[in-house]
Amino acid sequence: AVMHRLPWVQVAHTAINAQEFMRGLGVSGSIDIALVDLSMPGTDGFAVLRRLKENRPEIRPLVFSFSVDLVWVRNALEQGACGYLVKDALAETLGPALREVMDSGYHISDLMRASMTSTEQVKEIRIDWSSVPQRERQFVEHLLASGDPTYPQIADRMGVSKNTVDGYFRWFNQHFGISSRTELVRLALKYPPGDEMKGLLPT
């Protein structure tokens, strides 16, 4: 019902359980974002995330749940979720979250930030921050700014195009193997940039 109150959103498919959800994706044409209830009847939402990742990787899953357990949040992110919303606040948070996902690919809430910094299973990555160009470092600082700015907002603040901002992220991908905005934010939150930084990313 919340989705239908957003006039700029076109709902391509709705489902009451996981099986109906996955069947519908096969006949619904182009879909940008899937809103996934982690507690949906039948197969749970985590299984849906895995199946989306395997079969429809172009769809960005935005999940919601009553649970604020950081383990749930972290598991959802590891299964490919691009954002995690709390069901009690869905009416207020859904619209802004959808816009952020459309603009930048992710919606990073305070709950997600807490989950990112609480991760215990990690693999070691060594980064010499003195080797990171100034503009790429400024890009990271903007990523960490309050309000979780979108890429277009960061581009406006830095006085460059969105394509240039995309290029800043690609620099981190090419040099350090960081595959998503979420990973880059998680790394920079846990180990803020300094002259040199030894960082840890989740497995």
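I will try to describe carefully the structure that is included in this document.

Conventions we followed
Residue numbers restart at each chain and count upward from 1, following the sequence in its written direction. With pLDDT at 70 or above as the cut-off, local features in this predicted model cover only qualifying residues; side-chain atom pairs require 80 or more to be listed or tallied, and sums for whole chains, interfaces and linings still use all residues. With hydrogens and water excluded, all non-hydrogen atoms of the structure serve as input to the side-chain values. Strands are runs of DSSP state E lasting at least two residues, helices are runs of H or I lasting at least four, and both sets are numbered from the N terminus onward. Buried residues are those whose accessible area, probed at 1.4 Å on protein chains only, stays under 20% of the maximum for their type, while exposed residues exceed 50% and partly exposed ones sit between those limits. Every accessible area reported is derived by Shrake-Rupley at a probe size of 1.4 Å, with residue values counting cover from the shown protein chains alone. A pair of strands counts as paired when DSSP detects no fewer than two bridges linking them. Residues enter a nonpolar core if they are buried and are Ala, Val, Leu, Ile, Met, Phe, Trp, Tyr or Cys, with the set joined through side-chain atoms within 4.5 Å. In this analysis, two residues are considered to be in contact whenever any of their non-hydrogen atoms come within 4.5 Å of each other.

## A few points about the overall build of the protein chain
Consideration 1: Looking only at helices and strands, the protein chain features nine helices and five strands.
Consideration 2: Starting at the N terminus, the α and β elements of the protein chain follow one another as α-β-α-β-α-β-α-α-β-α-α-α-α-β.
Consideration 3: Taking all 203 residues of the protein chain together, the buried fraction comes to 46%.
Consideration 4: Carbon and sulfur atoms make up 48% of the accessible area of the protein chain, which amounts to about 10300 Å² in all.

## Things to note about the pairing of strand β1 (residues 33–37)
Residues in a regular strand project their side chains so that they alternate between the two faces of the sheet.
Consideration 1: Most of β1 is tucked away: four of the five residues are buried.
Consideration 2: Of the pairings in the sheet, the one linking β1 to strand β2 (residues 60–65) comprises five bridges and is parallel in character. Within β2, the residue paired with L35 across the bridge is L62.

## What to know about the nonpolar core
Consideration 1: In this structure, F139 and F172 are the most contacted members of the largest nonpolar core, which totals 44 residues.
Consideration 2: A total of six residues in this core trace back to one element, the largest contributor, which is helix α8 (residues 162–176).
Consideration 3: Not counting residues up to four positions away in its chain, the partners in contact with F172 are W129, V132, E136, F139, V140, G177, I178 and L184.
Consideration 4: Listed in part, the 13 residues of the second largest apolar core include L85, L94, L98 and V101.

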